[in-house]
Each structure stands twice: as structure tokens, then as C-alpha cells.
Amino acid sequence: MKTVDLRSDTVTQPTEAMRAAMMAAPLGDDVFGDDPTVNALQERIAAITGKAAALFMPSGTQSNLCGILAHCGRGDEYIVGQLAHTYRYEGGGAAVFGSVQPQPLLQDAAGRMALADIGAAIKPDDPHFARTRLLCLENTWNGHVMPDHYLRDATALAREHGLATHLDGARVFNAAVASAATGQGVHARVREIADHFDSLSVCFSKGLGAPVGSALCGSQELIRSARRIRKMAGGGLRQAGLLAACALHALDHHVDRLADDHVNARRLAEGLSGIEGLTVKSAQTNIVFVDVAEGRGPTLLDFLKAHGVLATGLIGLRFVTHLDVDAAGIDRAIDTVRRFFAEAPAVPASAARTGPY
Ligand SMILES: *Cc1c(COP(=O)(O)O)cnc(C)c1O
């Protein structure tokens, strides 16, 4: 039986049509700037996000890194959420490669840093302090769509203090699909979100289903600077049009269908919320978080795996829907969880595996 892989929306396999687009792509050498497919992708994503320029990147991590380093120099500082991807899950790259000090701040359950905390963290011009240069937000954050008023107020506060603003928009297309007004196109909604920021990073390899690739979008000057940094980071890729073709195909064919992933996530959340021993903690866009009672998360994960359903987590579990999971797969995941609680004997909490997140 086919595995229902809900570990992440990065696990998708390129479709046959995407592989065909890849094979048909005209190629050049992108380090010379003459790969037509890379150039077409960069123009397309710049136009969608309403920025003057864009740069194709091998990963979201490199895209955020080049973005932060294009905004900040040695001894500068960027304000970021304590649990934000750029701070917590990118190996501390901005500090390691750029000598850029992060100023992490607590976030609420929806990923927001309090405006008062942001204001208080912006340092005066004084040799005691690092120079606060950049505010970095993330949308979606753990599946949450950041409300517009928050994006507006937080970026306005940053600008008042002369800070630049960067969005880690790895899943900004999910945010746009989930929050577009009736009759508003997804591209227009992406543009509306991006308009708050000087730069943003967008992933093609998450829900959009490309095997590899992200883009950094911003002004001509910022992208020129990011291109130099990307070179230093080893991200100058030659016939990268093979990969850019997948991203272009994803933009043409996989944007509107993100709504299906959101429907499947709700289906999963509804199915799981009826099961005793589980609490659905949050279920927005394509990510569902579930708390498992009595420390049984790890045994539940093992049980699921033994029955061909994959998820991640320890105490709380995370399920992510995507292109390669349909409603039948979701129903199988729900049934398997239900069977676990019906069949598997409860383990005393003391015997349950624990571990760091
Ligand atoms: C996936 C992701 C990234 C980038 O990850 P890569 O694996 O390097 O492509 C950045 N930010 C967020 C929020 C992500 O989910």
C-alpha cells in the first residue's frame, strides 16, 4: 500500500508533466546570466511579488541567508521570532557567515512578536549596541496566516526606525490562497502581502511541489548584492534552468490547487478531533498540530509508521498536507490513528520516550 507521507510538503515527487517541462527547458549558463529559463522564472516571480528583481536560489535557507546578508553587515542585528525558521532552523547562518547578530523575541501562538517588544528591541545608535537593521517576519508561520494589520503595523514600526524588512515567505502562496478576498486572484494577494516588505523569500519546493528551489525578491540593488553573496555561499548554479523549469511549471499548475491541501488539512483536523487522547491544537492552511495525551506521541508515530502513515513530532505531532496526498490518504491516516487508540495499550507516562524538541 502507498505510504501516506505527512511529514512535510517537501516530500512531493515531481509530476510527469513537471519532468516533461524540465526536459524541454532551454538552458544556458546562469553564472553568465544567460540561462533563459532561470531568467524567465526570476522575471515571473518578481512580477508576481511586485519587486523589481528576483534571484533563483537552491534552497529557502540560502535565500533567507542571502537576503539577511544583503540587508545587514558585520555587527548589525536583525529582529526575528524566537521560533522563526531563519533564527532556529537555519544553523545560525546569518551569525556564522555574516557576523549578523540575531535579536530573537518571543512570539504568541500565532507567531507574532508584540509590537512593544519589537520597539523595545530596536537599539539606539550607541557603541554599546549592535546596529539594529532589519525586521524579519514569517508567513505562513506554523501554518498560520499573519493578519494584514499585523504585517502593516510591524513593518511600519520597523520603517519608522529606519529598519529594512524581510519576509520569510516559504509558504506565502499558502497564505495567499487561504486569505484571498472573494474574487481576488492569488497573485494579487501575494503582491499585497509582499508590498509590506523590502524583500521576501519564496519556496517552490514546499506546497508548490518543485523538487528544489526558492527565490529571493527585492530591489535591483538588493538583488545585485544578494547575487554576490550567493556566489560566496556556493550558490552559483550553471544549467539551473532544469530546476527553474520545475518552479515555472509549479507556478503555472500548482498554485490554485493549494486550496485542496487546505481542505485536506481541515478534513484531517476534523477526523482527528473526535478521537479521545488527542487534542487538535492548530489546523490552518496545510499544517495540523496535534497534542497527544500521556506522552504517547512517539508510540503513536511508530504505530503510524508501521501502518504506512508518516508524521513528525514527539509530544505534539505535525501533519502536513500536499500534492501527493488525497482525501483517501487523509482518511487512512485518521483511521490508523483511531485504531491506535482503540487497540494499543496505554503506556505509563514514565515509560514513554522523552526528548528535546
Ligand atoms: C522550508 C522553510 C524554509 C527554507 O527551507 P529549505 O529547506 O532550506 O528550502 C524557510 N522558512 C520556512 C518557514 C520554511 O518552512
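Counting from 1, residues in each chain are numbered in the order their sequence is written. Only residues with pLDDT of at least 70 are given local features in this predicted model, and only at 80 or more are side-chain atom pairs given and counted; all residues enter the totals for whole chains, interfaces and linings. With hydrogens and water stripped out, all remaining heavy atoms of the structure feed into the side-chain values.

The name given to the protein chain in an unreviewed UniProt entry is Low-specificity L-threonine aldolase, and the organism recorded there is Hydrogenophaga aromaticivorans. UniProt positions are given in the numbering used here, feature names are shortened, and annotations may be inferred rather than shown by experiment. Quoted verbatim from the Cofactor (unreviewed entry) field of UniProt, the annotation for the protein chain is "pyridoxal 5'-phosphate".

Put simply, DSSP H or I for four residues or longer makes a helix, DSSP E for two residues or longer makes a strand, and each gets a number counted from the N terminus. Inspection of the secondary structure assignment puts V288 in strand 10 (residues 287–292). Contacts are assigned to residue pairs with any non-hydrogen atoms lying within 4.5 Å of each other. Discounting chain neighbours no more than four positions away, the residues touching V288 are A265, L268, A269, V280, S282, A283, L317, R318 and F319.

In this section: the site of the ligand. S59, G60, T61, N64, H85, E90, E138, D168, A170, R171 and K206 make up every residue found near the ligand. Each polar contact in these results corresponds to two N or O atoms within 3.5 Å; when the atoms are within protein, one needs to be able to donate a hydrogen and the other to accept it, and residues that are neighboring in sequence are counted only if both atoms are side-chain atoms. Within the side chain of T61, one N or O atom sits 2.6 Å away from an oxygen atom of the ligand. Here K206 contributes a side-chain N or O atom positioned 2.6 Å from an oxygen atom of the ligand. No other element matches the three residues that helix 3 (residues 60–71) contributes to the shell around the ligand. Class assignment for the residues of the shell around the ligand results in one nonpolar, five polar and five charged. In this text, near means that some heavy atom of the residue lies within 4 Å of the molecule or strand in question. Just so you know the grouping, Ala, Val, Leu, Ile, Met, Phe, Trp, Tyr, Cys and Pro go in nonpolar, Asp, Glu, Lys and Arg go in charged, and all remaining residues, Gly too, go in polar.

Let us look at the nonpolar core. I45, I118, F173 and F204 are the most contacted members of the largest nonpolar core, which has 52 residues in total. Take this core: its biggest share by element is six residues, from helix 11 (residues 241–253). Filtering out sequence-adjacent residues up to four positions away, I118 remains in contact with I79, L105, M113, L135, Y150, A154 and L157. Buried Ala, Val, Leu, Ile, Met, Phe, Trp, Tyr and Cys residues that are joined via side-chain atoms within 4.5 Å together make up what is termed a nonpolar core. Each residue's exposure class comes from its accessible area (1.4 Å probe, protein chains only) as a fraction of the maximum for that residue type: buried when under 20%, exposed when over 50%, partly exposed otherwise.

Below, the discussion takes up the pattern of salt bridges. The term salt bridge refers to a pairing of a side-chain nitrogen on Lys or Arg with a carboxyl oxygen on Asp or Glu at a separation within 4 Å. Taken as a whole, this structure holds 18 salt bridges when the rule is applied. Ionic pairing is found between D76 and R131, a salt bridge with its closest N-O pair at 2.7 Å. Taken together, the positions of D76 in strand 3 (residues 76–81) and R131 in strand 5 (residues 131–138) put the pair 55 residues apart, joining distant regions of the chain. For D76, a relative accessible area of 3% puts it in the buried group. In this structure, the salt-bridge partner of D335 is R338, at a minimum N-O distance of 3.4 Å. Note that D335 and R338 are positioned in helix 14 (residues 327–343) at a spacing of three residues, about one turn of the helix. A relative accessible area of 42% means that R338 is categorised as partly exposed.

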